[in-house]
Amino acid sequence: MSTAWTPGRVGFYALAALFGLLAVAPLAILLKVSLSGPEDVLVQHPPFWIWHPTTEHWAAVLKPEVIWPPLRKSLVVATGTAVLAVVIAAPAAYVIARLPRGWRYGVVLALLFTRMFPEVIIATPIAVTFLRAGLIDTDIGLILAHLIRNLPFVAWILVGTFEVIPRDLEEASWVDGNGRLGTLWSVVLPLALPGIAVAAIFAWLDSWNDLLYAIYLLLAERTLPLMTYYFANRGSVFDVATFSVVLTVPVLVLTLLLQQYIRAGTLGGAVKG
Amino acid sequence: MEVSRPPVAPGPGPAALPRVPPPLAAPRPALPERLRRGWRRHWLDVALVVPLAAYILGFTLLPVLQSIALGFTARFGGAFPTLANYEDLFARPDFGLAVLNTVGITLIGVALELVVGLAIALMLARAFPLRGLFRTLVLVPMGVPTLVAGAAMLYIVGVNGYLNELLFRLGLIDAPIYWPQSGPKGMFVIALADMWKTTPIVVLILLAGLEAIPRDVYEAASVDGASAWRQFRDHTLPLLMPAITMAVILRAIDAFRIFDIALVLAGRSVPVMSTFVYFEYFFGNLNTAAGAATVLLLMIVVFVAGYFWLVERRREAV
């Protein structure tokens, strides 16, 4: 691009600025509301600036008895989901990655197709089953439900990770007298670790964000998203904004840190570990 | 215990060894024997795959089949099969609205995402100062939970929201508009929130597609003196079709299943398929919930099959 300020160039930057602004505006509004007094929000013509700053909404939300139960639940469930997703999906992904080409393509496509099932069609019978099994409101029940969405996704990412690990390395290890399990543990696993970590973080984020299974499977307890929905339903303007910010911060930080791994390739299961 | 041996690649051995036909006296081993050998060679692979396969069968495929069966089961008395639930559903105005809203939101949302996503991807495909900052900014919505995208929209499209305020200050409206209501306004607002959240994914898919187009295609076109618009129409767009198809399919499937945003933004006033199913379940109508969920599955399958059918037919026509 030339360095002169041609009309085309000005238009380009104006458009870029507009898109950039629109991309962050909703977040800025949430943050603004969470820090504003009612005079800045609950009026007919809300101002675009904080004229009456206050930290009272944050003080109310950050009280241990308010924030801790949903935060604990969200943390436990998201971490449990991430760990179990990797433990169940990684071994299978390794085998799928070593299948002949045609088979591998078919299996990866089948994993992708599970995405076509609407979650509500799965959640309805699951909720009935879990109710009978006493899994409602339990951490493990919600973890099991979050695995439904994440196992195919994690397996899909990890097939891409294992695919690029050269077979020769494994064969050399076999020749050295290591068994297959030993080879998997000492040769394949260390090389796949970065990809596994990325997949685990994706699963963690997905579980942290989930509202659908939480709303079906939790009656007395709440996760952070459920808490946010609960306040939105009651019309508690400031609590919604504050909880939304709490919910967003870890997601935003992890997503921006993982930026280099989030490419279209991720969606095609080709994370470069 | 026998030490498992590494698997041997199937098929003919190294080319150096001529294949000797097996002597007639040693026929192929019987089936049980072959199974036993196959098991000895592959038991580890099978053991590694079984947990995932069992989970998907038990926690995905089985519930889907259960839902389909529930939809054909009478709510009282349990007669099976029956169409009573579907007769119920199709007689209800809110179910019709849910179907209409879901289709409308998907069409509006995916169309907007494609246009804006393509514009941003084309911008990112060029080199310019501050490109890194621009990329980070437009990817921000990806780091925001879907529910929060809906919640943020509450402040924007509420009666005292910032959209009305902006329109008022620009002199475009006098009285505030109530946006999240049933009808085109509600569809538009939900599609807008969904678009804000998911456009970054479309950008990434299309950008990967753009980067895969070989440079010499453009160089040849520039030598021919083609204008920027003709280059885009005749070269970029056709070569980008696979990426566009992937974006449309992925996004449409998710848009049909939209739940969080519709629920937090409009609750029951703008029903979509997923929230309709949830409220049916919530009020204890398990069978109509399952029936409506089955209709949603059918909508998604029909859309995906229809899209591929259309794309294939056009490709043949060219």
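Residues numbered from 1 in each chain as written. Chains lettered and ligands numbered in written order. Predicted model: local features only at pLDDT ≥ 70, side-chain atom pairs only at ≥ 80, totals over all residues.

Draft legend 1. Structural detail: the overall build of chain B. Secondary structure summary: chain B contains twelve helices and zero strands in total. Reading chain B from its N terminus to its C terminus gives the helix and strand order α-α-α-α-α-α-α-α-α-α-α-α. Over its C-alpha atoms chain B spans a radius of gyration of 28 Å, topping by over 25% the 20 Å that the globule rule assigns to 318 residues. In terms of principal-axis extent, the alpha carbons of chain B reach across some 95 × 75 × 45 Å. Of all 318 residues assigned to chain B, the portion counted as buried reaches 36%. Put simply, 73% of the contacts in chain B that link residues at least 6 apart link residues at least 24 apart. (Helix = DSSP H or I, 4+ residues; strand = E, 2+ residues; numbered from the N terminus. Rg over C-alpha atoms; globule rule 2.2 N^0.38 Å. Buried ≥ 20, exposed ≤ 12 C-beta atoms within 10 Å, placed from the backbone. Contact = placed C-beta atoms within 7 Å.)

Draft legend 2. Region of interest: the overall build of chain A. For chain A, the helix and strand inventory stands at twelve helices and zero strands. Here the C-alpha atoms of chain A give a radius of gyration of 23 Å, more than 25% beyond the 19 Å that 2.2 N^0.38 yields for 273 residues. C-alpha extents for chain A along the principal axes are approximately 75 × 70 × 30 Å. Residue burial in chain A is summarised as follows: out of 273 residues, 45% are buried.

Draft legend 3. A look at the packing of helix α11 (residues 237-257) of chain A against helix α5 (residues 146-157) of chain B. Two elements in contact, α11(A) and α5(B), have axes separated by 10 Å at closest approach and are oriented at 150°. With respect to each other, α11(A) and α5(B) are oriented roughly antiparallel. Like other packed secondary-structure pairs, α11(A) and α5(B) cross with a definite hand, here left-handed. Of the residues in α5(B), those in contact with A:Val240, A:Ser244, A:Leu247 and A:Thr248 of α11(A) are B:Val148, B:Ala151, B:Ala152 and B:Leu154. The residue makeup of the contact of α11(A) with α5(B), split by class, is six nonpolar, two polar and no charged. (Axes fitted to C-alpha atoms, helices over the stretch in contact; angles between N-to-C directions. Parallel < 35°, antiparallel > 145°, perpendicular 65-115°, else oblique. Left-handed = near helix turned anticlockwise from the far one by under 90°. Nonpolar A, V, L, I, M, F, W, Y, C, P; charged D, E, K, R; others polar.)

Draft legend 4. Expanded view of the environment of B:Ala84. Residues and elements named next belong to chain B. Mapped onto the elements, Ala84 comes out in helix α2 (residues 84-90). Among the residues examined, Ala84 registers 18 C-beta atoms within 10 Å and is labelled partly exposed. As a C-alpha pair, Ala84 and Val157 span 73 residues in sequence and 39 Å in three-dimensional space.

Draft legend 5. Region of interest: the environment of B:Gly171. Residue and element names in this part refer to chain B. Considering the arrangement of structural elements, one finds Gly171 in the loop between α6 (162-169) and α7 (184-211). Residue classification places Gly171 among the exposed positions, given that 7 C-beta atoms sit within 10 Å. Counting along the chain gives 20 residues from Gly171 to Ala151, while the straight-line C-alpha distance between them is 27 Å.

Draft legend 6. Main features of the domain arrangement of chain B. Along its sequence, chain B is carved into domain 1 (31-71) and domain 2 (87-317). Here domain 1 of chain B and domain 2 of chain B have C-alpha centroids that lie 36 Å from each other. (Domains from an automatic or database assignment.)

Draft legend 7. Molecular detail of the interface of chain A and chain B. On the chain B side, the residues contacting the 66 residues of chain A number 71 residues. Among the elements that take part in the side of chain A that touches chain B, helix α1 (residues 7-34) of chain A stands out by supplying ten residues, more than any other. Class assignment for the residues of the side of chain A that touches chain B results in 49 nonpolar, 13 polar and four charged.

Draft legend 8. Region of interest: the domain arrangement of chain A. Residue and element names in this part refer to chain A. We note that the domain assignment places domain 1 (1-54) and domain 2 (64-267) within chain A. In this structure, domain 1 and domain 2 have C-alpha centres spaced 34 Å apart. Taken residue by residue, the interface counts seven residues in domain 1 and seven residues in domain 2. Of the residues assigned to the side of domain 1 that touches domain 2, the class counts are six nonpolar, one polar and no charged.

Draft legend 9. View of α5(B). Residues and elements named next belong to chain B. The terminal C-alpha atoms of α5 lie 17 Å apart, and with twelve residues this matches the ideal 16 Å at 1.5 Å per residue to within 8%. Burial of α5 is extensive: twelve of the twelve residues sit out of reach of the surface. Regarding α5, the residues found buried are Thr146, Leu147, Val148, Ala149, Gly150, Ala151, Ala152, Met153, Leu154, Tyr155, Ile156 and Val157. (Expected span 1.5 Å × (residues − 1).)

Draft legend 10. A look at the environment of B:Glu219. Considering the arrangement of structural elements, one finds B:Glu219 in helix α8 (residues 215-223). Between the alpha carbons of B:Glu219 and B:Phe259 there is a distance of 46 Å; along the sequence they are 40 residues apart.

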